[in-house]
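Observations on the three-dimensional arrangement
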Amino acid sequence: MPKRQVGDRVSASNNLKPASEPKPARKHQRQKLYLSESVDVEIICVRGAVRGRVIDVDPKGVGVLVPQEKDCLQDGEAVELAISTNSFQKSWSLHGVIRNKAALETAEGKFARLGIEILGDEKSELQKRKSQGFHFYASPEFFRPVAYFEHPITFGEVVHFQVHEVSPQGCTGRTSLRNKGLFPGLSIRLEFFVPTKGEFSTDAHILEVIPSGDGNFASVRFSFDDPPPELLAAIAEFILSFNPDVTVKSL
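Residues numbered from 1 in each chain as written. Predicted model: local features only at pLDDT ≥ 70, side-chain atom pairs only at ≥ 80, totals over all residues. Heavy atoms only, no water.

1. Considerations on the overall build of the protein chain
In terms of helices and strands, the protein chain carries 2 helices and 15 strands. Among the 251 residues that make up the protein chain, the fraction classed as buried is 46%. Excluding contacts between residues fewer than 6 apart, the proportion of contacts in the protein chain whose partners are at least 24 apart in sequence is 61%. Carbon together with sulfur atoms contributes 51% to the accessible area of the protein chain, which is approximately 13000 Å² in total. (Helix = DSSP H or I, 4+ residues; strand = E, 2+ residues; numbered from the N terminus. Buried < 20%, exposed > 50% of the residue type's maximum accessible area, 1.4 Å probe, protein only. Contact = heavy atoms within 4.5 Å. Areas by Shrake-Rupley, 256 points an atom, 1.4 Å probe, with all protein chains shown as cover.)

Structure (structure tokens):
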């Protein structure tokens, strides 16, 4: 199993100088990215497209640097995001809204720093609506499945979950909010362990992230993408074992 890197992160924003007074501290602090993580983004609005670099992430969105002379974006504007990473050769097309802007200066020149809330993608929004009709079965506290995945953006980071709810269509897991780079639309390779049945792999993506009131944990709802029959059989048997009123047909 890959292990999370130990040590200080070298941020692309280490030498940024705010052009104005700092705003009050965020409720959820962003996680800065390594320079080597090379997460690029194309921001598309009605006036055209702007290319930039993702410099930090949190459960609600991303921080992006774009060259100041190419900045045509406005606070509150709805945009499309095409995010790509070299580390995992992955890309995502997402919906977002620009929530704040600031002028920043580095040794390389002048930039605009954008705070963008990620709303998800069309697939996630469709699946989220569908999931409202799914029945998620609570897993017993003493016998819960667990899941983990290697984060496709933050290099060397493995995110672990306790699975509190499960269904043949997906699951809801609980994890520490130290894992900040979780947002709707993020597609991952999920490793899913069902007690007494073993470990299974499936593609999945995040439907929604709900931080806890104390800011220490997050509930993350996943949708499975074409799960293997072996995983579906293990989940069905797990649900039937702890829910005597459930039938195979109802699953």
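2. Examining helix α2 (residues 229-242)
Taking 1.5 Å of rise per residue, the 14 residues of α2 would be expected to cover 20 Å, and the 20 Å separating its terminal C-alpha atoms lies within 8% of that figure. The complete set of buried residues in α2 reads Leu 231, Ala 234, Ile 235, Phe 238 and Ile 239. End-on view of α2: buried residues confined to an arc of 130°, all on one side of the axis. Exposed residues lying more than 90 degrees from the buried face of α2 are Pro 229, Glu 230 and Ser 241. The inward-facing, buried residues of α2 contact β9 (137-138), β11 (158-167), β13 (187-194), β14 (198-211) and β15 (217-225). (Expected span 1.5 Å × (residues − 1). Arc of directions from axis to C-beta.)

3. Re the pairing of strand β4 (residues 48-58)
Note that strand β2 (residues 31-32) and β4 share 2 bridges and pair antiparallel. Of the residues in β4, the one forming a bridge with Lys 32 is Asp 56. As paired elements, strand β3 (residues 39-45) and β4 share 6 bridges and run antiparallel to each other. Bridge pairing in β4 places Cys 45 opposite Gly 48. Between the antiparallel neighbours β3 and β4 lie 2 residues. Where β4 and strand β5 (residues 61-67) come together, 5 bridges link them in antiparallel fashion. (Pairing = 2+ DSSP bridges.)

4. Considering the confidence of the model for the protein chain
Summing up the model confidence of the protein chain, the mean pLDDT is 80 and the portion of residues at 70 or higher is 78%. The secondary structure element of the protein chain with the lowest average pLDDT is strand β1 (residues 17-18), at 44, and the one with the highest is strand β10 (residues 146-150), at 95. A low-confidence stretch, residues 1-25 stays under pLDDT 50, and its non-local contacts, those more than four residues away or across chains, total 49 contacts. (pLDDT = per-residue confidence, 0-100.)

5. Topic: the side chain of Ser 167
Mapped onto the elements, Ser 167 comes out in strand β11. Among the polar contacts listed, one links the side chain of Ser 167 to the backbone nitrogen of Gln 169, at a separation of 3.0 Å. In this view, Ser 167 contacts His 135, Phe 136, Phe 224, Ile 235 and Ile 239; residues no more than four positions away in its chain are not counted. (Polar contact = N/O pair within 3.5 Å; in protein donor to acceptor, adjacent residues only side chain to side chain.)

6. Observations regarding the environment of Asp 71
Following the sequence through the fold, Asp 71 ends up in the loop between β5 and β6 (78-85). For the pair formed by Asp 71 and Gly 52, sequence separation is 19 residues and the distance between their alpha carbons is 9.9 Å. Setting aside residues no more than four positions away along its own chain, Asp 71 makes contact with Val 66, Lys 101 and Ala 112.

7. Description of the pattern of salt bridges
For the structure on display, the rule yields 7 salt bridges. Across the salt bridge formed by Asp 40 and Arg 53, the nearest N and O atoms sit 2.9 Å from each other. Taken together, the residues Asp 40 in strand β3 and Arg 53 in strand β4 connect sequence positions 13 residues apart. The partly exposed category is assigned to Asp 40, whose relative accessible area is 25%. For Arg 53, a relative accessible area of 32% translates into the label partly exposed. The residue Glu 165 makes a salt bridge to Arg 221 at a minimum N-O spacing of 2.8 Å. A residue pair is termed long-range when its members are at least 10 positions apart, and Glu 165 in strand β11 and Arg 221 in strand β15 qualify at 56 residues. We classify Glu 165 as partly exposed; its relative accessible area is 26%. Given a relative accessible area of 16%, Arg 221 falls into the buried group. (Salt bridge = Lys/Arg side-chain N within 4 Å of Asp/Glu carboxyl O.)

8. As for the nonpolar core
The biggest cluster of nonpolar side chains holds 53 residues, and the ones touching the most others in it are Ile 43, Leu 81 and Phe 192. Top contributing element to this core by residue count: α2, with 5 residues. What Ile 43 contacts, discounting residues up to four positions off in sequence, is Gly 48, Ala 49, Val 50, Val 64, Val 66, Leu 73, Val 79, Glu 80, Leu 81, Leu 114 and Ile 116. (Core = buried A, V, L, I, M, F, W, Y, C linked by side-chain atoms within 4.5 Å.)

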